[in-house]
Amino acid sequence: MANNVYTKSALAAIVFVTQGGWAVAGEQSIEGWYLRTGPVGVFFSPSVDLSMGGAPVPGADVKVDENYAISVDIGYRFSKQWSATLTIGTPPEAELRGAGSLPPVELGKLRYGPSVLAGQYHFKSNNPRFQPYIGAGLNYVVNLGESDGAASDLEVKTKVGPMVQIGFESMVTEDVGLYFDVKKLWAEADVSGSIGGAPFDAEVTLDPLIVGTGIIWRF
């Protein structure tokens, strides 16, 4: 159901732009603060390097189901071409499950707060209904608490990683519009604990793709 709601929201934003939207006000200054918010889908590309008792476990792998949340961007537009944003979101919960040579059971869960600090370059456009941009920056997955599954004494230490993004904005009025945004994050975490009394250490790669759409307000 969440997947259907997200897909419909994203398609609605694209259809709005392609169909022309509403009347847009004339030329105006766009420098200053703005806020963007809307639903996002988080789609992981997980893998793991796992050692138990100091010995590597061949063929070990993990799966992490997609998450859905509400994203908030706090941004500042320095000029027509340059801006910067801090992105945060409602804290979803990622469930880590065994795959490959590991039993397909829930190993544990992580409640996390995604955060991204990025700069954007906005391409010149005479069409206020299609203002494309690219961006790059850093991401950090804030650990808000682990919960054990088949793995006990679970401890997760997240790391800072790079990110890139691409998207577009479509202004409806001088102050309100729609946006569509895709972010690629490179994110890793060191995970430790024990399974069946045997201690383990793992480097888990998450590398999510974050796809979002929503509303933009300029202050």
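Relevant structure appears above.
Here the structure is a predicted model, which means the values were calculated and not measured. (Residues numbered from 1 in each chain as written. Predicted model: local features only at pLDDT ≥ 70, side-chain atom pairs only at ≥ 80, totals over all residues. Heavy atoms only, no water.)

Quick rundown of the sheet that holds strand E13 (residues 188–195)? Include the residues and the values.
An order of E3-E2-E14-E13-E10 is seen for the five strands of this open sheet, with the pairing classed as antiparallel. The sheet terminates laterally at strand E3 (55–56) and strand E10 (151–158), the two strands that pair on one side only. Inspection of the sheet shows strand E2 (residues 47–52) paired to strand E14 (residues 198–205) by six bridges, in the antiparallel sense. Bridge assignment links Val48 to a residue of E14, and that residue is Val204. (Pairing = 2+ DSSP bridges. Helix = DSSP H or I, 4+ residues; strand = E, 2+ residues; numbered from the N terminus.)

Describe in detail the nonpolar core, supporting the description with residues and values.
Generally speaking, soluble globular proteins have nonpolar side chains that are buried together. Of all hydrophobic cores here, the largest spans 31 residues; its most connected members are Val191 and Val204. Taken together, the elements giving at least two residues each to this core come down to strand E1 (32–43), E2, strand E4 (60–64), strand E7 (93–100), strand E8 (106–122), E10, E13 and E14. Considering each element in turn, this core owes the most residues, five residues, to E8. Here Val204 is in contact with Ser47, Val48, Val62, Leu96, Ala187, Glu188, Ala189 and Val191, once residues within four sequence places are set aside. (Core = buried A, V, L, I, M, F, W, Y, C linked by side-chain atoms within 4.5 Å. Buried < 20%, exposed > 50% of the residue type's maximum accessible area, 1.4 Å probe, protein only. Contact = heavy atoms within 4.5 Å.)

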